[in-house]
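# Geometric and topological summary
What follows is the residue order along each chain.
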Amino acid sequence: MINASDFPILSRKVNGKRLVYLDNAATTQKPQVVIDAMNRYYTNSNANVHRAVHTLAGEATDGYEACRTSLKAWFNAPRVVLTSGTTEAINLVAHGWGRANLKEGDAIVLTEMEHHSDIVPWQMLSKERGVELRYVPVLEDMTLDMDAYTASLPGAKLVCVVHTSNVLGVRNPVERIIEQAHASGARVLLDAAQGAPHTRIDVTELDVDFLAVSAHKMLGPTGIGCLTVKEDAFAEMAPFMGGGDMIDQVTVEGSTYQENEHKFEAGTPRIAEAIGWKAAMDYLEQVDLDAEHHRLLGIARWTAEALRNLGCTVYGRHDDMDSAVVSFLHPALHAEDMAHLLDAQGFAVRTGHHCAQPLLHRLGISSTVRASFYLYNTMEEAEGLVEALSHVLERFGGSA
Amino acid sequence: MIAAPLAEVIEELADIEDRMERFEFIFDLAEDILALPIEAWTDENRVKGCQSQAHLEVRLQDGHVHLRGGADARLVQGLMGLLALGMHGQPLEVARAMTVDHIKEAGVLNSLTPSRSNGVRTMFDMITQELEAMSHGE
């Protein structure tokens, strides 16, 4: 297990109580090395990347590109486009690949488990291009209906699936999904915002065409993420944002574009954020993610069981490959009330629809309380959460 | 000059230091707003941006503000009660003296900036806009 003291924010108090941060599926905290790397860049090396020849520009460029190199190695990816996050990465596929390759009558397969970021861009494209959207339902056991998935494939050009659900923690059978999609002639986009922080994903081994990731959910800064792209899919993409770094030559008659990933990184990029993310990746390299996954899943399973014993309904199954997310509700107290009362005791949890309204609609609910665990969380913190919740239920009318 | 019932409650809140006790106090204010029956919950009176289901009706009756509301979260219902103490049955000018700072004094919300998690600010803005319109005779 990593050292919580690497994360300065974790020593602060909230409402007079020690902070217990359990909103990691929304964003993770940052280790001091990430904060230092970004500080160092602004203190010593701040310059724009790629164009100038002076020393600072060289340092900034090296720092920015080192992030890409690190991500290529981490994901075993031939192409890594740096974006503002998972949402922009998905939008890049919609605009950069979708507009160039999809036409009226084509179909895109989505699932009811998707985050809004993997629904709305496709709805917009569907409206613009007349592309059909097919949604794979979620079953009672909170897994995807794979028979419906198989049936949805004929005629589909693209399959967009969340690797791991941000609400349920359910890790989808992405290997099978990709294999079937490719056999049917469809490309696959995986939303790995929740999966990538918990497990090492090898995109070449998975043979996935596009993978979207956010840095801030894996110890990095906000405002940066990436899209990994397979070479042949990369060749099918056209830039959708023009200007700045993405050009080769510009004349009044027209422009030519860069051939590499820069083609999709118009404007001055997120340099400090890339440097911060590189520092986060270096930090994660030192962590045994498999061992941590098992430890955190153990905490999540214990928490889910303890919450059930308090009368809560828990949404999720916590299978071996699922992430350490525990979504729950109690009949005696609204999710929003519960989150406020837990915050009063120092516990940061999330409430609401978690940007997955179709999934919550399928579950017949409008919100959940979500506790999501990450590397610095401990069993003692989970026990504290259950104790605090028990206290809340006793005091505010629940049946503890 | 704010309504006397609101002034009294704010004075009582000032003496409560423990945050959990404040929640208890605000939850109890849920009874202070006239209930808007669920069948009267419409999209028109829905408080947009609230995580919980919340509906609020503002009317002017014989020159006095008339509030009814309902929410599935007790905190939101309690804060509706606080609004009712400052506005219900009051002449327009007294109701309009209540500001968002009076909700801050309840000391239970971390932010009153409009956001997805914070329908309370939306709720307050919704009422003040209606009161503004009423004061112009709309």
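Since we're looking at a predicted model, the values are computed, not measured.

Another point: the nonpolar core. Judged by nonpolar contacts, the single largest core of 161 residues is most densely connected at Leu 211, Ala 212, Ile 275 and Ala 280 of chain A together with Leu 79 of chain B. Among the elements that make up this core, the one with the highest residue count is helix α9 (residues 271-285) of chain A (10 residues). Inspection of this core shows a minimum of three residues originating in each of domain 1 (4-23 + 288-395) and domain 2 (47-285) of chain A. Those residues within four positions of Ala 212 of chain A in sequence are excluded, and the remaining contacts are Thr 86, Ala 89, Ile 90, Leu 189, Asp 191, Ala 192, Ala 193, Gly 225 and Leu 227 of chain A.

Residues and elements named next belong to chain A. Pairing within the open sheet is mixed, and its 7 strands lie in the order β4-β10-β9-β8-β7-β5-β6. Looking at which strands have only one partner, the edges of the open sheet turn out to be β4 (79-83) and β6 (132-136). Geometrically, the sheet is characterised by an average inter-axis angle of 20° between neighbouring strands, direction not taken into account. Of the pairings in the sheet, the one linking strand β8 (residues 187-191) to strand β9 (residues 210-214) comprises 3 bridges and is parallel in character.

The subject of this paragraph is the environment of Met 134 of chain B. With respect to the helices, strands and loops of the structure, Met 134 of chain B is situated in helix α6 (residues 119-135). With residues up to four places along the chain from it excluded, the contact list for Met 134 of chain B reads Leu 60 and Leu 92 of chain B.

As a further point, take unusual backbone geometry. Residue and element names in this part refer to chain A. With a phi angle near 50°, Asn 15 is a residue other than glycine that sits in the positive phi range. Among the structural elements, Asn 15 can be located in the loop between β1 (13-14) and β2 (17-18). Phi at Cys 355 is positive, roughly 55°, even though this residue is not glycine. When you line up the elements, Cys 355 lands in the loop between β16 (350-352) and α12 (357-363).

The rules behind each value
Residues numbered from 1 in each chain as written. Chains lettered and ligands numbered in written order. Predicted model: local features only at pLDDT ≥ 70, side-chain atom pairs only at ≥ 80, totals over all residues. Core = buried A, V, L, I, M, F, W, Y, C linked by C-beta atoms within 7 Å. Buried ≥ 20, exposed ≤ 12 C-beta atoms within 10 Å, placed from the backbone. Helix = DSSP H or I, 4+ residues; strand = E, 2+ residues; numbered from the N terminus. Domains from an automatic or database assignment. Contact = placed C-beta atoms within 7 Å. Pairing = 2+ DSSP bridges. Axes fitted to C-alpha atoms, helices over the stretch in contact; angles between N-to-C directions.

It is worth stressing that arrangement in space is one thing and function is another; only the former is reported here.
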